[in-house]
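Given next are the chains, with one letter for each unit.
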Amino acid sequence: MPVSGQVNATVTAVSNATIPVVSNSGTNGLSAGSIVRMINVAGAAQLGGMDFTVGYNTLTTGTFSLDYMSTIVAGTTGSWMYVQYDALYYPRRRFITAITQATQAVVTLSVTHGYQVGQLVRMVVPSAFGMSQMNGLQATIVAINTNTSSGNTITLNVNSSAFSAFVFPLTAAVPFTFAQVVPMGEDTADALSQGVDILTDATVNTGYVGMILAAGANSPAGSNADVIYWQAGTVFNGLSQ
């Protein structure tokens, strides 16, 4: 498992496939569904600082797919960083990688979104992404797709069929502000009609106080067939217990 927050200057290429694939030297240690932040990739600087769910389509010790990214011009060398923890508060803002021109716009997010039908969102789409008509609009999520290999989309009650096409910027466009979905509330009536919990928009602190116990031989969480014994106790400082 890679170390969270550690920059790995091991990117050797980013492909121009329909679903881009990152090649890395050494062993990446990732698993399908890991979150990776791309950093300073030559020829693909537009990805810099952006988080991606990876590995559902392609994953080896030396490659990982940016599962929900649109096609780009191929990049070369650069770095990546493993992001172990998602943003602390739910629902989370997410980066946009694609928006369709349709009677109900379908939006693809770079990281597994976690949104629900009925949630209200505000769209942030800077001019660098082409579909400037979408910028600032408030919309209700009317459908979601959580397919890990080809989904991770939300469908909005916005008719984007006459909007300009959404185009992910080229490396030459850097610097720019990323296109984003920002949660802002709930359409209670729509949520009720869809049989969805009307509190899915509630801000929740998903953090916890605890320990992560590593698995493996001679590690705290052990390996297959190990029997783990736990002992609880108290600690006091002489003043309180």
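One can find the structure itself at the top, above this paragraph.
Please read these numbers as outputs of a predicted model, since none were measured by experiment. (Residues numbered from 1 in each chain as written. Predicted model: local features only at pLDDT ≥ 70, side-chain atom pairs only at ≥ 80, totals over all residues. Heavy atoms only, no water.)

**Some remarks on the overall build of the protein chain**
Alright, step 1. For the protein chain, the helix and strand inventory stands at one helix and 14 strands.
Alright, step 2. Counting the 241 residues in the protein chain, one finds 39% classified as buried.
Alright, step 3. Taking as baseline every contact in the protein chain between residues at least 6 positions apart, the subset at least 24 positions apart corresponds to 70%.
Alright, step 4. Each charge class in the protein chain can be summarised by its mean position, and for the 5 positive and 9 negative side chains these summaries are 11 Å apart. (Helix = DSSP H or I, 4+ residues; strand = E, 2+ residues; numbered from the N terminus. Buried < 20%, exposed > 50% of the residue type's maximum accessible area, 1.4 Å probe, protein only. Contact = heavy atoms within 4.5 Å. Lys, Arg positive; Asp, Glu negative; His and termini not counted. Charge placed at Lys NZ, Arg CZ, Asp CG, Glu CD.)

**Some details on the pairing of strand 13 (residues 180–186)**
Alright, step 1. The buried count for strand 13 comes to five of seven residues, which makes it a mostly enclosed element.
Alright, step 2. As paired strands, strand 8 (residues 94–99) and strand 13 are joined by two bridges and run antiparallel to one another. In the strand pairing of strand 13, Phe-95 is matched with Gln-180.
Alright, step 3. Direction of pairing for strand 10 (residues 119–124) relative to strand 13: antiparallel, over a ladder of six bridges. Bridging across to strand 13, Leu-120 finds its partner in Gly-185. (Pairing = 2+ DSSP bridges.)

**Digging into the layout of surface pockets**
Alright, step 1. Empty space within the largest pocket amounts to approximately 250 Å³.
Alright, step 2. Around the largest pocket, the lining comprises 14 residues; the ones closest to its centre are Asp-51, Asp-86, Ala-87, Arg-93 and Arg-94.
Alright, step 3. Contributions of two or more residues to the lining of the largest pocket are made by strand 3 (35–39) and strand 8.
Alright, step 4. A per-class count over the lining of the largest pocket returns six nonpolar, two polar and six charged.
Alright, step 5. A volume near 180 Å³ is recorded for the second largest pocket. (1 Å grid on protein atoms, 1.4 Å probe; cavity = no way out; pocket = protein on both sides within 12 Å on 5 of 7 lines; lining within 4 Å. Points joined across faces, edges and corners; volume = space filled by probe spheres on them. Nonpolar A, V, L, I, M, F, W, Y, C, P; charged D, E, K, R; others polar.)

**Regarding the environment of Thr-171**
Alright, step 1. On the secondary structure map, Thr-171 appears in the loop between strand 12 (153–156) and strand 13.
Alright, step 2. Residues Thr-171 and Asp-226, spaced 55 residues apart in sequence, show a C-alpha to C-alpha distance of 50 Å.
Alright, step 3. Ignoring sequence-local partners within four residues, the contact set of Thr-171 consists of Gly-43, Ala-44, Ala-45 and Gln-46.

**Details of the packing of aromatic side chains**
Alright, step 1. Under the definition given, this model contains six aromatic pairs.
Alright, step 2. Ring geometry for Phe-95 and Phe-178: centres 4.8 Å apart, planes at 50 degrees, overall tilted. With a gap of 83 residues between them, Phe-95 in strand 8 and Phe-178 in the loop between strand 12 and strand 13 connect regions that are remote in the sequence.
Alright, step 3. Residue classification places Phe-95 among the buried positions, given a relative accessible area of 13%.
Alright, step 4. When the ring of Phe-129 is compared with that of Phe-176, the centres are 5.5 Å apart and the planes differ by 85 degrees; the resulting orientation is edge-to-face. Note that Phe-129 is positioned in the loop between strand 10 and strand 11 (138–145) and Phe-176 in the loop between strand 12 and strand 13, a separation of 47 residues in sequence.
Alright, step 5. Three or more aromatic residues joined by ring pairs make a cluster, and in this case those are Phe-95, Phe-129, Phe-166, Phe-168, Phe-176 and Phe-178. (Phe/Tyr/Trp six-rings, centres within 6.5 Å; stacked < 30°, edge-to-face > 60°.)

**Looking at the nonpolar core**
Alright, step 1. Judged by nonpolar contacts, the single largest core of 42 residues is most densely connected at Met-38, Leu-47, Ile-99 and Met-123.
Alright, step 2. Here this core gets three residues from one element, more than from any other, and that element is strand 8.
Alright, step 3. Setting aside anything within four residues of it in sequence, one finds Leu-47 in contact with Val-14, Met-38, Phe-52, Leu-66, Met-69, Ile-72 and Phe-168. (Core = buried A, V, L, I, M, F, W, Y, C linked by side-chain atoms within 4.5 Å.)

Shape is all these values report; function is a separate question.
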